[in-house]
Amino acid sequence: MELSDANLQTLTEYLKKTLDPDPAIRRPAEKFLESVEGSQNYPLLLLTLLEKSQENVIKVCASVTFKNYIKRNWRIVEDEPNKICESDRIAIKANIVPLMLSSPEQIQKQLSDAISIIGREDFPQKWPDLLTEMVNRFQSGDFHVINGVLRTAHSLFKRYRHEFKSNELWSEIKLVLDAFALPLTNLFKATIELCSTHANDASALKVLFSSLILIAKLFYSLNFQDLPEFFEDNMETWMTNFHSLLTLDNKLLQTDDEEEAGLLELLKSQICDNAALYAQKYDEEFQPYLPRFVTAIWNLLVTTGQEVKYDLLVSNAIQFLASVCERPHYKHLFEDQNTLTSICEKVIVPNMEFRAADEEAFEDNSEEYIRRDLEGSDIDTRRRAACDLVRGLCKFFEGPVTGIFSGYVNSMLQEYAKNPSVNWKHKDAAIYLVTSLASKAQTQKHGITQANELVNLTEFFVNHIQPDLKSATVNEFPVLKADGIKYIMIFRNQVPKEQLLVSIPLLINHLQAESIVVHTYAAHALERLFTMRGTNNATLITAAEMAPFVEVLLTNLFKALTLPGSSENEYIMKAIMRSFSLLQESIIPYIPSVITQLTQKLLAVSKNPSKPHFNHYMFESICLSIRITCKANPEAVGSFEEALFLVFTEILQNDVQEFIPYVFQVMSLLLEMHKNEIPSSYMALFPHLLQPVLWERTGNIPPLVRLLQAYLERGASTIASAAADKIPGLLGVFQKLIASKANDHQGFYLLNSIIEHMPPESVDQYRKQIFILLFQRLQSSKTTKFIKS
Amino acid sequence: MPVRKHGQHMKLFKNKGKDETTLRRQRVEVSVELRKAKKDEQILKRRNISIHLKEENPSLGQDRAAEIVQPSLEEIVEAVNGEDTQLQLLATQATRRLLSRHKDPPINQIIELGIIPRMVEFLGRADNATLQFEAAWALTNIASGTSEHTRAVVEGGAIPAFISLLSSPHMHISEQSVWALGNIAGDGPIYRDVLIARDVIPPLLALVSPTTPVGFLRNITWTLSNLCRNKNPCPPLDAVLKILPVLVILLQHEDKDVISDSCWAVSYLTDGCNDRIQVVVETGILPRLVELMDCPDLIVMTPALRAIGNVVTGTDQQTQEAISAGALAVLPRLLRHSKSVIQKEAAWTLSNIAAGPSHQIQQIITCGLLPPLVELLDKGDFKAQKEAVWVVANFTTGATVDQVVELVRSGVLKPLLNLLLVKDSKTILLILDTISNLFLAAEKLGETEKLCLLVEELDGLEKIEDLQNHENDLVYRAALDIIEKYFSGEENINLEPQTGQDGLYDFSVEKQDFNF
């Protein structure tokens, strides 16, 4: 392709077509572009277009296409042809930086990405002048250009944060430091000066602060692997300025947005990260600066508001304090009683409060709320950071910290008692505080396993948790209800069993609560209690103890699935499964109703399976009902088949891939329950099970093998007599399986069942082939697994 | 990549494939450094700025007059190149004085004057000891500069002149030559080997005697240490064999500086391949080094520890020699030393012992190293913690199941898991590998579930889960691997006892009756 106007025109037209919503126009255009991208000059045509096209949309489109082209083709893979000719590579590298810097932001971003992709391959050896070219722009004074350079540098250098130390990497970093560290430092100083001269110019400040953020990020990358000599020598400059930026505030930079972090927050947050990096890795050198940062960060915390936009900053800042306070040689910074009190009062307590945003999530986004609260995916939240700080402080000051907080807990509980409907949030904070103070070690399976001895958990439970749960109105103060249930859940190993037994009917009752969080927590708490182990590894709570509650438990659990928002609630379904498993034969009287409800649910969700955990527990529950019932009464298998086969047929016919393996599993189970000859309804299905299309999906293989084994066990003679023509198909499945290294063991399971159960004369004629296949496999791809099995 | 030269016995270990990551590591992993040169290292080159020498020496009496009138550089050139011996002396003294001033000696300018060959000539003026001495001093100080500067002195022909001055009847001249040669040797392996080839060693060693004054002996020891220093290549074996017996004697000296530099010399000799370590081990010096490792003076302790640390990068047998010399008994104190560099070096040493066979690991346990190790993991400075992680990683690679149990009992898990938050990908990966090793041991004991709970209780699980988002591919995969293997099967673990062995979704139909 020549660099001609005609080609530019053609390319413009095709690019335009790639934006067409109609696939009939779009797809061929995309195909065309792909077909010509190997031609010389293609990338240069794109660069020309993104610079000079008359239409902005073409410029943007060309820039995106260019970046994707670079992403796909720039890397030279060994033994593969070079996909971009050398002269194009040279031309791209020569032009891309100035082009990026002179482009509007939208295009700049694409080109900056492209530069970092190229840089990853070519920098520094094959692109020696990139750095000088970038550094020279620092002097331009044009912050649009400077930010472009900084952004590109950031994307080039950020890999230093996670790659392993190596000679190659460190040589590169050294090279970068030599060329970049001093200009970056000068730029940092100059930018800060400009910030004060432009302190009253909002738009200038925004640009300058964007630069500062990028500079702070570059600092992090360049200092990550080790403390470079240059930065050690210039620590004073950097740290003094970082420190003063932490304390800086400017009305013009405050944003109205409550959610999105503003430039000021982002900058301070990055500075906290930088300080934390130095505190962790370069402690010796950073020691003189550390106390100042502790004070500044602490003041920052005291003065920062509750809005969501500050969350990242606050959690980073608290985490910094948490990591410092547990170091022996910084202990003294915290040990003063006034300091401790003020950290507790001004940093920890406010960040444990239930905020408007939490309340909103509790009501409107319960799924997310539960995930964060129960599953600990709360690493970045304020509450979590505050908890970590409590634990960090407890390392050296457990007594005083517990003392201070006990006072707070009591006063907050008193506030609540004065006027519950107004002050319920105080109680929430009190419970949260007790929880975080008391828990030293926690696991999903056992809840809290080590508790702080200074907190009397049972007393708190009896005096402050149970009364809430005993209240007649399940829907009042849902947050406190959820707190109470969660308390039972996490302290289940600390609270004595008799108290747990008292709680069980309360929990069952709360399955009816309207709040999704509350009934979900109730289900989850029951599920956890049912898994607890007592002596002899038997369940702590026995089926006998549960006898009075079986009916109401099952009723409420299934009713909870009909509450708005919980139709596919995995916690409830898991609780159902766990209840079956605990209650065993006591559920039999309720099976007819249970199995109807489960099959209806199955039918409903099979239209669009979306919750894999829910589905899994649902099938588990179905299996448990079958097992428990048929154990007592094998004849009952027929009624299950009656109830389930209709839905199963539908699932198989509609090819609901998520459910098919489960269906085979349940069928194997049912078939195994039969004591006699294989029923004809199963035989009718046999040929279909051998269809290759089923065996192409790896997820189907284990359950299908198991199902075929069940067929062979129960009906080998029927197969030999009535379906002898299917034997080669059956062996074909075996052959297919042993051909694969991943599935060969499944092939052996199948073969084993064939040999064991089929009448010998029906397979004699295939014996030789079987051995040949085995030896062939042995010869062609010998694996340890294959030889051993 | 960690460097390990002696992979043989590691191959016998159970965890094949892990061998690459946890091996004996020589001290320098990466030759490119980003940091400032280390402050705790021995000095490569030294400038002679001592004033007292001048006072001691009556022949320098006329200095006082010269101090008043400092000649210009032009005058110096003229005088040095002239024939007037007195002027030559004055100019040489003036040069020496310029080069001995505390701040910014004008080495470059002096070199540019082109007077070095002339100064070298003066070294040969046996008739004029004062001139010889002043020239030797001036050249010593030029050679103490950068490699450029040293080269100027060597290219001026100074090496043979200085070597012959070692045997000067005047002790102060001989001592100044020792110093100059030390600076030249310290420049690097090339000049070091030039000196050795010129037979610098015999006359140098001849200077060591019971009557040698301590100050002189310090200089000799330092120069000897520079002759042992540097790798790529390391000094010729026959030279080493000549120096070693003298070092053995010097290590018994009572002067701390002499001992310190002798230790440095030994540490250089052991910083190399096993053959070189063997040569040192065979002198029987290890017990003395271990004793010195316990010396309260940092200048002695540091190089002695370094030397022992180097020895244990060697073969199992060589490592055993260090253990038998009592190294493990001293290490607990060093792991708890107030200086973090000592902690770090001690942990590095221990990590290489932990890379050995299980009977050596057993000695680590017996000598009570686990408690200080756990303390270091918990509270040490970052660099020391990193080395401590290596100890644990190597330990779990080679230890028996019982030894691993002992390690876990000593409380290693909590600080180890806390370190998963560290900002260093390699350390994180090592910890993850270590956790996998711990699980392998737990599996053998049937205690997998217990370990799972322990890891979760100590907040390890959420950290490992979080690492599944790590940018580094190997870290991410290692974390994922642990989660998938040990933490994703909650259902089966919980359900199995209740539904019998063939839990429905437990797909493993493990029938063992195959006979293929």
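Residues numbered from 1 in each chain as written. Chains lettered and ligands numbered in written order. Predicted model: local features only at pLDDT ≥ 70, side-chain atom pairs only at ≥ 80, totals over all residues. Heavy atoms only, no water.

## Section: the overall build of chain B
Moving on, step 1. For chain B, the count of helices and strands is 31 helices and zero strands.
Moving on, step 2. A buried classification covers 58% of the 516 residues belonging to chain B.
Moving on, step 3. Across chain B, the fraction of contacts at a sequence separation of at least 24, relative to all contacts at a separation of at least 6, is 73%.
Moving on, step 4. For chain B, the exposed area adds up to about 21,200 Å²; of that, 54% sits on carbon and sulfur atoms. (Helix = DSSP H or I, 4+ residues; strand = E, 2+ residues; numbered from the N terminus. Buried < 20%, exposed > 50% of the residue type's maximum accessible area, 1.4 Å probe, protein only. Contact = heavy atoms within 4.5 Å. Areas by Shrake-Rupley, 256 points an atom, 1.4 Å probe, with all protein chains shown as cover.)

## Thoughts on the overall build of chain A
Moving on, step 1. Counting its secondary structure elements, chain A contains 40 helices and two strands.
Moving on, step 2. Residues counted as buried form 55% of the 789 residues belonging to chain A.

## Details of the UniProt feature "repeat: ARM" (unreviewed entry) in chain B
Moving on, step 1. In the numbering used here, UniProt assigns the "repeat: ARM" (unreviewed entry) feature to residues 114-157 and 157-185 of chain B.
Moving on, step 2. Between the C-alpha atoms that bound residues 157-185 of chain B there is a distance of 15 Å. The span itself is 79% helix and 0% strand. (UniProt positions renumbered as here; feature names shortened; annotations may be inferred.)

## Observations concerning empty space enclosed by the protein
Moving on, step 1. On inspection of all chains with the given rule, the structure shows five cavities of 30 Å³ or more.
Moving on, step 2. If you add up the space inside the largest cavity, you get close to 110 Å³.
Moving on, step 3. In this structure, the largest cavity is lined by Tyr369, Asp373, Arg383, Asp428, Ile431, Tyr432, Thr435, Asp483, Lys486, Tyr487, Ile490 and Tyr521 of chain A.
Moving on, step 4. At the level of secondary structure, the elements contributing two or more residues to the lining of the largest cavity comprise α19 (366-374), α21 (420-438) and α23 (478-490) of chain A.
Moving on, step 5. Considered as a void within the structure, the second largest cavity measures approximately 60 Å³ in volume.
Moving on, step 6. Lining the second largest cavity are Cys228, Asn230, Lys231, Cys234, Pro235, Val240, Tyr268, Leu269, Asp271, Gly272 and Arg276 of chain B. (1 Å grid on protein atoms, 1.4 Å probe; cavity = no way out; pocket = protein on both sides within 12 Å on 5 of 7 lines; lining within 4 Å. Points joined across faces, edges and corners; volume = space filled by probe spheres on them.)

## Some thoughts on the packing of aromatic side chains
A ring pair, where both rings are aromatic, is described by two values, the distance of the centres and the angle of the planes.
Moving on, step 1. With the rule as written, the count across this model stands at 38 aromatic pairs over all chains.
Moving on, step 2. Ring geometry for phenylalanine 219 of chain A and phenylalanine 242 of chain A: centres 5.0 Å apart, planes at 85°, overall edge-to-face. You can see phenylalanine 219 of chain A sitting in helix α10 (residues 202-222) and its partner phenylalanine 242 of chain A sitting in helix α12 (residues 235-246), a full 23 residues away along the chain. Across the pair, phenylalanine 242 of chain A and phenylalanine 219 of chain A agree in class, each one buried.
Moving on, step 3. Ring geometry for phenylalanine 230 of chain A against phenylalanine 231 of chain A: centres 5.4 Å apart, planes inclined by 85°, an arrangement best described as edge-to-face.
Moving on, step 4. Residue phenylalanine 230 of chain A is classed as partly exposed on the basis of its relative accessible area, which comes to 21%.
Moving on, step 5. Following the ring pairs from residue to residue traces out a cluster consisting of Phe188, Phe219, Phe230, Phe231, Trp238, Phe242, Tyr278, Tyr282, Phe286, Tyr289 and Phe293 of chain A.
Moving on, step 6. Directly above the ring of tryptophan 222 of chain B sits arginine 46 of chain B, whose terminal nitrogen or CZ lies 4.2 Å from the centroid. (Phe/Tyr/Trp six-rings, centres within 6.5 Å; stacked < 30°, edge-to-face > 60°. Lys NZ or Arg CZ within 6 Å of the ring centre and 35° of its normal.)

## Here's the deal with a nonpolar patch on the surface
Moving on, step 1. On the surface, Phe771, Phe775 and Leu778 of chain A cluster together into a nonpolar patch covering about 290 Å² of accessible area.
Moving on, step 2. A residue is classified by how much of its surface remains accessible, and phenylalanine 775 of chain A, at 53% relative accessible area, is exposed. (Patch = residues over 30% accessible without salt bridge, like charges linked within 9 Å, V, L, I, M, F, W, Y side chains within 5 Å. Salt bridge = Lys/Arg side-chain N within 4 Å of Asp/Glu carboxyl O.)

## A few points about the side chain of arginine 355 of chain A
All names here are of chain A.
Moving on, step 1. Relative to the assigned elements, arginine 355 resides in the loop between α17 (337-352) and α18 (356-364).
Moving on, step 2. Take arginine 355: its relative accessible area is 12%, and that puts it in the buried class.
Moving on, step 3. Engagement of the side chain of arginine 355 in a polar contact is seen with the backbone oxygen of glutamine 306, the distance being 2.6 Å.
Moving on, step 4. If we ignore the near neighbours within four places in the chain, the residues touching arginine 355 are Gln306, Glu307, Val308, Asp311 and Arg382. (Polar contact = N/O pair within 3.5 Å; in protein donor to acceptor, adjacent residues only side chain to side chain.)

## Focus on the pattern of salt bridges
Moving on, step 1. One pass over the full model with this rule turns up 58 salt bridges over all chains.
Moving on, step 2. The partner of arginine 151 of chain B in a salt bridge is glutamate 155 of chain B, and the shortest N-O contact between them spans 3.7 Å. Placement of both arginine 151 of chain B and glutamate 155 of chain B in helix α8 (residues 147-155) is noted, with a separation of four residues, approximately one turn of the helix.
Moving on, step 3. Its relative accessible area of 35% is what places arginine 151 of chain B among the partly exposed residues.
Moving on, step 4. Salt bridges here are not isolated pairs; linked through shared partners, they connect Asp311, Arg355, Asp358, Arg372 and Arg382 of chain A.

## As for the UniProt feature "domain: Importin N-terminal" (unreviewed entry) in chain A
Moving on, step 1. Those places that UniProt annotates as "domain: Importin N-terminal" (unreviewed entry) correspond, in this numbering, to residues 29-102 of chain A.
Moving on, step 2. Summarising residues 29-102 of chain A: 73% helix, 0% strand, and an end-to-end C-alpha distance of 29 Å.

## Section: unusual backbone geometry
Moving on, step 1. A cis amide bond, omega 0°, links phenylalanine 123 of chain A with the succeeding residue proline 124 of chain A.
Moving on, step 2. In this fold, proline 124 of chain A is placed in the loop between α6 (105-122) and α7 (130-137).
Moving on, step 3. Look at the link from asparagine 232 of chain B to proline 233 of chain B: it is a cis peptide, with omega at -10°.
Moving on, step 4. Take proline 233 of chain B: it is sitting in the loop between α13 (214-228) and α14 (237-250).
Moving on, step 5. Phi at asparagine 41 of chain A is positive, roughly 80°, even though this residue is not glycine.
Moving on, step 6. Mapping asparagine 41 of chain A onto the fold places it in the loop between α2 (23-36) and α3 (42-52).
Moving on, step 7. Overall, asparagine 41 of chain A belongs to the buried group, its relative accessible area being 16%.

## Considerations on the nonpolar core
Moving on, step 1. With 282 residues, the main nonpolar core has Phe157, Phe180 and Phe320 of chain A as its most contacted residues.
Moving on, step 2. With 15 residues, helix α20 (residues 382-418) of chain A is the single largest residue contributor to this core.
Moving on, step 3. Ignoring anything within four residues of it in the chain, the contact list for phenylalanine 157 of chain A reads Phe123, Leu131, Val176, Phe180, Leu218, Ser221 and Leu222 of chain A.
Moving on, step 4. Ranked by size, the runner-up nonpolar core spans 159 residues in total, among them Leu181, Leu195, Leu416 and Ala478 of chain B. (Core = buried A, V, L, I, M, F, W, Y, C linked by side-chain atoms within 4.5 Å.)

## Things to note about α12 of chain A
All names here are of chain A.
Moving on, step 1. With twelve residues, α12 extends 16 Å between its outermost C-alpha atoms, agreeing within 8% with the 16 Å of an ideal straight helix rising 1.5 Å per residue.
Moving on, step 2. For α12, a buried count of nine out of twelve residues is recorded, marking the element as mostly surrounded by other parts of the structure.
Moving on, step 3. Among all positions in α12, only Met235, Thr237, Trp238, Met239, Asn241, Phe242, His243, Leu245 and Leu246 are buried.
Moving on, step 4. Buried residues along α12 sit against α9 (167-197), α10, α11 (229-233), α13 (263-281), α14 (283-286) and α15 (290-303). (Expected span 1.5 Å × (residues − 1).)

## A word on the environment of histidine 102 of chain B
Residue and element names in this part refer to chain B.
Moving on, step 1. The residue histidine 102 is located in the loop between α4 (85-99) and α5 (107-112) in this model.
Moving on, step 2. Note on histidine 102: relative accessible area 62%, which makes it exposed.
Moving on, step 3. Residues histidine 102 and isoleucine 49, spaced 53 residues apart in sequence, show a C-alpha to C-alpha distance of 6.9 Å.
Moving on, step 4. Contacts of histidine 102, omitting those with residues within four sequence positions, involve Arg47 and Ile49.

## Points about a negative patch on the surface
Moving on, step 1. Taken together, the side chains of Asp256, Asp257, Glu258, Glu259, Glu260, Glu360, Glu363 and Asp364 of chain A make up a negatively charged region of the molecular surface.
Moving on, step 2. Assessed through its relative accessible area of 54%, glutamate 259 of chain A is described here as exposed. (Lys, Arg positive; Asp, Glu negative; His and termini not counted. Charge placed at Lys NZ, Arg CZ, Asp CG, Glu CD.)

## Quick notes on the side chain of threonine 140 of chain B
Residues and elements named next belong to chain B.
Moving on, step 1. Note that threonine 140 resides in helix α7 (residues 129-143).
Moving on, step 2. Of the residues examined, threonine 140 reaches a relative accessible area of 0% and is grouped as buried.
Moving on, step 3. Once residues within four sequence positions are removed from consideration, threonine 140 is found in contact with Arg46, Gln176, Trp179, Ala180 and Asn183.

## Thoughts on the packing of α6 of chain A against helix α8 (residues 143-157) of chain A
Between two packed helices, the angle of one axis relative to the other and the distance separating the axes together describe the packing.
Residues and elements named next belong to chain A.
Moving on, step 1. Contact geometry of α6 with α8 gives a least axis separation of 9 Å together with a crossing angle of 35°. Of the two elements, α6 crosses α8, and the hand of that crossing is right-handed. For the pair formed by α6 and α8, the contact residues are Glu105, Gln108, Ser112, Ile115, Ser116, Gly119 and Arg120 on the first element and His144, Gly148, Arg151, Thr152, Ser155 and Leu156 on the second.
Moving on, step 2. When grouped by side-chain class, the residues that make up the contact of α6 with α8 number two nonpolar, eight polar and three charged. (Axes fitted to C-alpha atoms, helices over the stretch in contact; angles between N-to-C directions. Left-handed = near helix turned anticlockwise from the far one by under 90°. Nonpolar A, V, L, I, M, F, W, Y, C, P; charged D, E, K, R; others polar.)

## Points about the environment of alanine 181 of chain A
All names here are of chain A.
Moving on, step 1. Here alanine 181 lies in helix α9.
Moving on, step 2. Taking the C-alpha atoms as reference, alanine 181 lies 7.2 Å from phenylalanine 230; in sequence the two are 49 residues apart.
Moving on, step 3. Not counting residues within four places of it along the chain, the set of residues in contact with alanine 181 comprises Val176, Phe230 and Phe231.

## Concerning helix α22 (residues 457-470) of chain A
Moving on, step 1. End to end, α22 of chain A covers 18 Å across 14 residues, agreeing with the expected 20 Å (1.5 Å per residue, within 8%).
Moving on, step 2. Of all the bends in α22 of chain A, the largest measures some 30° and sits at histidine 464 of chain A, one to four residues before the proline proline 467 of chain A. (Bend = angle between axes of the 7 residues up to and from the residue.)

## Remarks on the confidence of the model for chain B
All names here are of chain B.
Moving on, step 1. Looking at chain B, the pLDDT average stands at 86 and 84% of residues meet or exceed 70.
Moving on, step 2. A low-confidence stretch, residues 1-22 (pLDDT under 50), is modelled with 57 contacts involving residues beyond four sequence positions or located in other chains.
Moving on, step 3. The model gives residues 52-66 a pLDDT under 50, and that stretch makes 22 contacts with residues more than four places away or in other chains. (pLDDT = per-residue confidence, 0-100.)

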